[in-house]
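In case you want the letters, here they are:
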Amino acid sequence: MIRAAKLDESLYEEVEIDPTATTQALIVVVIASVCSGVGSGLEALIFGPLSLQLKLLGFVTNLVVSSLLSLLGWGIWSFITYFIGTHVLDGTATYEELLRCIGFSDAPSALSILSFIPMLGGLILLVAWVWSLIAMVVAVRQALDFSTGKAIATCIVGWVAIVIILVVIGVLIALPFLLL
């Protein structure tokens, strides 16, 4: 995770060609997802409604929803990026190669565990998001074997698509809780 966060190009090359690194990529995504969920859950726990039961419900809900959306987002974003990179921009990689590289590029998202900190949480989330996006550009460039410009274009189009998809999924998941 440290090498991924340092934007170490050689790590992404290693991960790309190592089929056994898929489990490691999943672990990186799970760690980042749980960190995101814990940060979001702590915010609900600390700043949520006064009732302890509602605070605990908010913590668990945020932990589970954030974690699941992050995992789902990894798979979907990897597929969208794979499709754009290989079918539109003529990159060369398999879906699994790109999935592994993108999984490792999520390492900076572990900082989102600190998102509950008043007045700094939003900035921490922004830094983690931008850092992860830069790591993803490096990962996509290395995995698809093309220019930084094409990697940026691929990531931007993929990001717009995944944001739309995750917002829809998030609203559908949150709807029953909003109706409580």
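Everything numeric in this text was worked out from a predicted model, so none of it was measured. Per chain, the residues get numbers from 1 upward, laid out in the order the sequence is written. Local features in this predicted model are restricted to residues whose pLDDT is 70 or higher, and side-chain atom pairs enter the listing and the counts only when it is 80 or higher, whereas totals over whole chains, interfaces and linings include all residues. Just so you know, side-chain values use all the structure's heavy atoms and leave hydrogens and water out.

(A) The packing of helix H3 (residues 21-47) against helix H5 (residues 95-105), seen in detail. The geometry of H3 relative to H5 is characterised by a closest axis approach of 8 Å and an angle of 35° between their N-to-C directions. Remark: the crossing between H3 and H5 carries left-handed chirality. Facing H3, whose interface residues are Ala-21, Thr-22, Gln-24, Ala-25, Val-28 and Val-29, H5 presents Leu-99, Arg-100, Gly-103 and Phe-104. Three classes are used, and their members are as follows: Ala, Val, Leu, Ile, Met, Phe, Trp, Tyr, Cys and Pro are nonpolar, Asp, Glu, Lys and Arg are charged, and the others, Gly among them, are polar. When its residues are assigned to classes, the contact of H3 with H5 shows six nonpolar, three polar and one charged. Between N-to-C directions, angles cover 0 to 180 degrees, with each direction set by a line fitted to C-alpha atoms, over the stretch in contact for helices. Starting at the N terminus, helices and strands are each numbered in turn, a helix being any DSSP run of H or I of at least four residues and a strand any DSSP run of E of at least two. Each helix crossing is assigned a hand: it is left-handed if the near helix lies turned anticlockwise from the far helix by less than a right angle, otherwise right-handed if that turn is clockwise. Only heavy atoms matter for contacts: two residues are in contact if any of them lie within 4.5 Å across the pair.

(B) Local environment of the packing of aromatic side chains. Centres within 6.5 Å are what make two rings of Phe, Tyr or Trp a pair, Trp counting through its six-membered ring; a difference in plane orientation under 30 degrees is then read as stacked, over 60 as edge-to-face, and the rest as tilted. All told, the structure shown has four aromatic pairs when counted by the stated rule. With 6.5 Å between their ring centres and 45° between their planes, Phe-79 and Tyr-82 make a pair best called tilted. Of this pair, Phe-79 and Tyr-82 both sit in helix H4 (residues 52-88), separated by three residues, roughly a single helical turn. Only protein chains enter the area calculation, which uses a 1.4 Å probe; residues under 20% of their type maximum are buried, those over 50% are exposed, and those in between are partly exposed. We classify Phe-79 as partly exposed; its relative accessible area is 47%. An aromatic cluster of at least three residues, connected via ring pairs, comprises Phe-79, Tyr-82 and Tyr-95.

(C) Representation of H3 in the model. Expected helix span is computed as 1.5 Å times (number of residues minus one). Here H3 is 27 residues long and its end C-alpha atoms lie 39 Å apart, about the 39 Å a rise of 1.5 Å per residue gives. Every buried residue of H3 is accounted for by Ala-21, Ala-25, Val-28, Val-29, Ala-32, Ser-33, Cys-35, Gly-37, Gly-39, Ser-40, Gly-41 and Ala-44. Those residues of H3 hidden inside the fold are in contact with helix H2 (9-17), H4 and H5.

(D) Examining unusual backbone geometry more closely. Backbone geometry at Leu-7 places phi at a positive 65°, although glycine is not the residue there. Among the structural elements, Leu-7 can be located in the loop between helix H1 (2-5) and H2. Residue classification places Leu-7 among the partly exposed residues on the basis of a relative accessible area of 28%. With phi around 55°, Asp-145 is a residue other than glycine that occupies positive phi space. Mapped onto the elements of the fold, Asp-145 is located in the loop between helix H6 (121-144) and helix H7 (148-178).

(E) View of the nonpolar core. Among the nonpolar cores identified, the biggest contains 33 residues, and Tyr-12, Leu-98, Phe-104 and Val-140 are the most heavily contacted of them. At the level of elements, H2, H3, H4, H5, H6 and H7 are the ones that each hand at least two residues to this core. Examining the composition of this core, we find that eight residues originate from one element, H6, more than from any other. Val-140 has contacts with Thr-81, Leu-98, Ile-102, Asp-145, Phe-146, Ala-151, Thr-154 and Cys-155, leaving out every residue within four places of it along the chain. As used in this record, nonpolar core signifies buried Ala, Val, Leu, Ile, Met, Phe, Trp, Tyr and Cys residues forming a set joined through side-chain atoms within 4.5 Å.

(F) Representation of H4 within the structure. Its 37 residues give H4 an end-to-end C-alpha distance of 51 Å, which sits within 8% of 54 Å, the value for a rise of 1.5 Å per residue. At the exit of H4 stands Asp-90, carrying a positive phi of roughly 60°.

(G) Just the side chain of Ser-33, in detail. Of note, Ser-33 is situated in helix H3. If we ignore the near neighbours within four places in the chain, the residues touching Ser-33 are Ser-67, Ser-70 and Leu-71.

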